[in-house]
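Below, each chain spelled out in residue letters.
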Amino acid sequence: MGHDHSHHHHHDHAPKLDHLNKAFIIGILLNSAFVVIEAGVGFAKGSLSLLTDAGHNLSDVASLILALLAFKLSKMRANNVYTYGYKRSTILVSLLNAVLLVAAVGVIAYEAILRIGQPQPIPGITVAWVAFAGIAVNGVTAWLFMKDKEKDLNVKGAYMHMAVDALVSLGVVMSGLAIYFTGWYWIDSVVSIIIVVVILAGTWGLLVDSLRLEIDGVPKQIELGAIKNELLKAEGVKEIHHMHVWALSTTENALTAHIVIEAGKTANFNQIKNDLRHRLSHLDIQHSTFEPEFDGDHCQAKDCNI
């Protein structure tokens, strides 16, 4: 039985995120400048919470640069070696960002725990002012990505990082004020540990989602049952099996399936195929490949019952 390998691209239903180049560049510049200032004050004044926040902001700068690079790569044309182009680099970058962030907070947590027993005197009001500037920088950057955060995993990652950073900076402001009014320098280390917990909570979902896409799992927003039920509504389709769905990138998904055609409808396969692709375009599937089978055929694939 021959395969129908033609691919149909429904660009009208794929998210168009070209405008985000400017958002990424602005975010990179704003956060790079703030990292330099925050780290400088943190070192000068001996504030671990400022250094913790600066380290996290630095990882965000790296993640923004990597995400921008992934978007650029995803626009490159396919070739004889990379027949889908470089779209999958967006998934790899998303996973790498999540892994780097988890590793970074591990180091920060270790330092904070060591310093709880040996708190260092720090100027609370200075810490508070610097962290207040961080709320503004992170808040503006998060706003740049807010409206597109559900369209792409890398954009969602950037938004989450910046939104969490704004909350973290708010925590550092409060710790700085608390230190200023109480003189309890150990608060600095405790706030650093709280920051670590908040970052991990915000990053874990991103790590799990990225790992799922990297090993060709079904994207989180895709329901296989819903897809099968919708395709079975198409005229001439008797059964669907050997169905596989995976992510080509953080914005595009693909499907392959065996389609059992009703007796007497085989001449209409092109019409059936176009109908199926139209239905898939509304279910977040941008690329599809079908193998037709005729009523009474026996599928030879090992996992035909899927």
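Residues numbered from 1 in each chain as written. Predicted model: local features only at pLDDT ≥ 70, side-chain atom pairs only at ≥ 80, totals over all residues. Heavy atoms only, no water.

## Quick notes on the confidence of the model for the protein chain
At step 1: Looking at the protein chain as a whole, the pLDDT averages 81, with 90% of positions reaching at least 70.
At step 2: Looking over the protein chain, one finds the lowest element-wise mean pLDDT in helix H2 (residues 48–74), namely 79, and the highest in strand S2 (residues 253–261), namely 91.
At step 3: Confidence drops under a pLDDT of 50 for residues 5–14, and excluding neighbours within four residues, the segment shows 23 contacts in the predicted structure. (pLDDT = per-residue confidence, 0-100. Helix = DSSP H or I, 4+ residues; strand = E, 2+ residues; numbered from the N terminus. Contact = heavy atoms within 4.5 Å.)

## Describing the sheet that holds strand S3 (residues 287–294)
At step 1: Pairing is mixed in the open sheet, where three strands are placed in the order S1-S2-S3. The open sheet has two edge strands with one neighbour each: strand S1 (237–247) and S3. Between one strand axis and the next, the sheet turns by 15° as a mean value, whatever way the strands run.
At step 2: Across eight bridges, S2 lies against S3 in parallel orientation. Across the sheet, Leu 255 pairs through a bridge with Ser 288, a residue of S3.
At step 3: Set on the sheet, helix H7 (residues 224–231) makes contact with S1 and S2; between it and S1 the angle comes to about 145°. (Pairing = 2+ DSSP bridges. Axes fitted to C-alpha atoms, helices over the stretch in contact; angles between N-to-C directions.)

## Some words on the packing of H2 against helix H6 (residues 186–214)
At step 1: The contact between H2 and H6 brings their axes to 8 Å, and the two run at 25°. As judged from the angle between their axes, H2 and H6 are roughly parallel. Listed contacts from H6 to Leu 48, Ser 49, Thr 52 and His 56 of H2 are Asp 188, Ser 189, Val 191, Ser 192, Ile 195 and Ile 199. (Parallel < 35°, antiparallel > 145°, perpendicular 65-115°, else oblique.)

## What to know about the pairing of S1
At step 1: In terms of burial, S1 is largely enclosed, as eight of its eleven residues are buried.
At step 2: Relative to S2, S1 is paired through eight bridges, and the arrangement is antiparallel. Across the sheet, the residue bridging to His 241 is His 258, located in S2.
At step 3: Between S1 and S2, which follow one another and run antiparallel, lie five residues. (Buried < 20%, exposed > 50% of the residue type's maximum accessible area, 1.4 Å probe, protein only.)

## Looking at the side chain of Gln 286
At step 1: The topology assignment puts Gln 286 in the loop between helix H8 (269–281) and S3.
At step 2: Gln 286 gets classed as buried once you look at its relative accessible area, which sits at 3%.
At step 3: At 2.7 Å, the side chain of Gln 286 and the backbone nitrogen of Asn 253 are in polar contact. (Polar contact = N/O pair within 3.5 Å; in protein donor to acceptor, adjacent residues only side chain to side chain.)

## A look at the pairing of S2
At step 1: Counting buried positions along S2 yields eight of nine residues, so the element is predominantly enclosed.
At step 2: Where the polypeptide runs from S2 across H8 and back to S3, its parallel neighbour, the crossover connection is right-handed. (Right-handed = clockwise from strand over helix to strand, strands pointing away.)

## Structural notes on the pattern of salt bridges
At step 1: Applying the stated criterion across every chain yields a total of seven salt bridges.
At step 2: As a salt-bridge pair, Lys 87 and Glu 252 come within 3.2 Å of each other at their nearest N and O atoms. Taken together, the residues span a long stretch of sequence, with Lys 87 in the loop between H2 and helix H3 (89–116) and Glu 252 in the loop between S1 and S2 at a distance of 165 residues. The exposure classification of Lys 87 matches that of Glu 252, with both residues buried.
At step 3: The residue Glu 239 makes a salt bridge to Lys 228 at a minimum N-O spacing of 3.4 Å. Placement of Glu 239 in strand S1 and of Lys 228 in helix H7 is noted, with a sequence separation of eleven residues between them.
At step 4: Counted as one network, the salt bridges with shared partners bring together Glu 230, Lys 233, Asp 275 and Arg 279. (Salt bridge = Lys/Arg side-chain N within 4 Å of Asp/Glu carboxyl O.)

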